[in-house]
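Observations on the model geometry
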Amino acid sequence: MILFGPSGRDELTKKIDVLKIPQILADLGLYAFEYAFTHGVRINDENAIKFGCECKKYNVSLSVHAPYYISLTTSDPIKQKNNIIYFEQCIKKMKLMGAKVLVFHPGSLFGQTREHAFSLCKKNLKEIIMHLREAKLLNGIYLCPETMGKLGQIGTIDEIIELCNIDKNLVPTLDFGHINSFTGGQLKQIDDFKLIFDKVNTFLEKQKKDRFHIHFSKIKYGIRGEIKHLKFNELGEPDYHKFISALKNYSFNVNVICESSGSQISDAVIMKNLYQNLNI
Ligand SMILES: [Zn+2]
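Before going into details, it helps to say that this report is about the structure given with it. These numbers were taken from a predicted model, which means no experiment stands behind them.

When its secondary structure is counted, the protein shows nine helices and 10 strands. Its C-alpha atoms put the protein at 50 × 45 × 35 Å along the principal axes.

Printed below as a string of structure tokens:
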């Protein structure tokens, strides 16, 4: 089953109490939500539990986006120690909220060669997983490295697949706006999207087939990749119609999170309706 939903509150709901959001989403037929810890893990324990209860009550499947300041491409032991602390903070809060999926960005090159940055990323990720497992925090939690949109970031599809094959608790986040931006606009036809799904299905460890997390938004890009997220009613790529048409060919169990800039709830509804009404 495919569940659609937004990342965070949009322009119309940003002043509404977050505890009311699950009901609002369910009324619209949206059953996924991504809670943003992108600027820090700020929700207190009491509200985390309350929010989780509301999601459960309205059958809203919850994922969490880790802070942007996590960076696995570092060679600084203090920064790596902090990475471990940030992952622990996120997961402890996720357990209170009943969230299972933690999306994170692998990190930027910071003037290093791509190969060097990627090898640091793998080494640091292995270490983080070891710590989380020792702390018994990984049960029922999926860590989901995201495909990234800027050329100066780790996160091509091949890199994300390689990262995910490190451990059973790692599962990809396919961000199609990012993939399109990184590749300078290569997601044009339905088959271009299907190629990505097929690649992940082919190269991911067997037990993880059909299991990923998806982000979708139109994104403006330039020679260095991603510039900014757009709304569906703005001119831009990739085409959500082609994405949904491709998705219809598979029987995945995934959440599709809409990351449009300010219109992510109404744009998630557009994708959900399209998915339900499309006959192929
Ligand atoms: Zn992200």
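Its 13 residues place the ends of helix 2 (residues 45-57) 18 Å apart at the C-alpha level, agreeing with the 18 Å of an ideal helix rising 1.5 Å per residue. Inspection of helix 2 places Ala48, Phe51, Gly52, Glu54 and Cys55 among the buried residues, and these make up the whole buried set. Projection of helix 2 onto a plane perpendicular to its axis shows the buried side chains occupying an angular sector of 160°, all on one side. Across helix 2 from its buried face, at more than 90 degrees, point the exposed residues Glu46 and Lys57. Taken together, the buried residues of helix 2 touch helix 1 (21-27), strand 2 (32-36), strand 3 (61-65) and helix 3 (77-97). Following helix 2 by one or two positions, Asn59 adopts a phi angle in the positive range, close to 60°.

Counting through the fold element by element, Tyr86 comes out in helix 3. On the basis of neighbour counts, which here come to 20 C-beta atoms within 10 Å, the residue Tyr86 falls in the buried class. Linking Tyr86 and Asp239, residues 153 residues apart in sequence, is a C-alpha distance of 35 Å. Residue contacts for Tyr86: discarding those within four places in its chain leaves Ala66, Pro67 and Ile70.

If you trace the four strands from one edge of the open sheet to the other, you get 2-3-4-5, paired in parallel fashion. The strands lining the two open edges of the sheet, one partner per strand, are strand 2 and strand 5 (142-145). Strand after strand, the sheet turns through a mean of 25° between neighbouring axes, direction not considered. Where strand 4 (residues 101-104) lies against strand 5, four bridges are found, and the strand directions are parallel. Within strand 5, the position partnered with Leu102 by the bridge is Leu143.

A separate point is the environment of Gly149. By the secondary structure assignment, Gly149 is in the loop between strand 5 and helix 5 (157-164). The spacing of Gly149 and Gly225 is 76 residues in sequence and 5.6 Å in space, taken between C-alpha atoms. Setting aside its immediate chain neighbours within four residues, Gly149 contacts Gly177, His178, Ser181, Phe182, Ile219, Tyr221, Gly225 and Glu226.

Time to look at unusual backbone geometry. The amide bond that connects Glu237 to the next residue, Pro238, takes the cis arrangement and shows omega of -10°. If you trace the backbone, Pro238 turns up in the loop between strand 9 (225-229) and helix 8 (240-247). In this structure, Asn59 takes a positive phi of about 60° despite not being glycine. By the secondary structure assignment, Asn59 is in the loop between helix 2 and strand 3. You will see that Lys136, though not glycine, has its phi angle at about 55°, which is positive. Assignment of secondary structure puts Lys136 in the loop between helix 4 (114-134) and strand 5.

Those residues of helix 5 that sit buried are Glu159, Ile160, Leu163 and Cys164. Viewed along the axis of helix 5, the buried residues span an arc of 130°, placing them on a single side of the element. Elements that come into contact with the buried residues of helix 5 comprise helix 4 and strand 5.

Overall, parallel pairing links the four strands, which are arranged 1-10-7-6 in an open sheet. Here the strands that pair on one side only, and so sit at the sheet edges, are strand 1 (2-6) and strand 6 (173-175). Between one strand and the next, the sheet's axes are offset by a mean angle of 20°, whatever the strand orientation. In terms of strand pairing, strand 6 meets strand 7 (residues 213-216) through three bridges, oriented parallel. Bridging from a neighbouring strand, Asp175 pairs with His215 of strand 7. Lying on the sheet, helix 9 (residues 264-277) is in contact with strand 1, strand 7 and strand 10 (254-258); it crosses strand 1 at an angle near 160°.

So, about the pairing of strand 5. Every other side chain in a regular strand lies on the same face of the sheet, so the side chains alternate between the two faces. Burial along strand 5 is two-sided: Tyr142 and Cys144 facing one way and Leu143 and Pro145 facing the other are all buried. Assessed by its sense of winding, the connection that carries the chain from strand 4 through helix 4 to strand 5 is right-handed.

Here we come to the nonpolar core. In terms of nonpolar packing, the biggest core is built from 68 residues, with Ala66, Cys90 and Leu102 touching the most fellow members. Here the element with the most residues in this core is helix 4; it accounts for seven residues. Dropping the residues within four chain positions of it, Cys90 is found in contact with Phe37, Val41, Val64, Ala66 and Leu102.

Reading the values: rules and limits
- Residues numbered from 1 in each chain as written.
- Predicted model: local features only at pLDDT ≥ 70, side-chain atom pairs only at ≥ 80, totals over all residues.
- Helix = DSSP H or I, 4+ residues; strand = E, 2+ residues; numbered from the N terminus.
- Expected span 1.5 Å × (residues − 1).
- Buried ≥ 20, exposed ≤ 12 C-beta atoms within 10 Å, placed from the backbone.
- Arc of directions from axis to C-beta.
- Contact = placed C-beta atoms within 7 Å.
- Pairing = 2+ DSSP bridges.
- Axes fitted to C-alpha atoms, helices over the stretch in contact; angles between N-to-C directions.
- Right-handed = clockwise from strand over helix to strand, strands pointing away.
- Core = buried A, V, L, I, M, F, W, Y, C linked by C-beta atoms within 7 Å.

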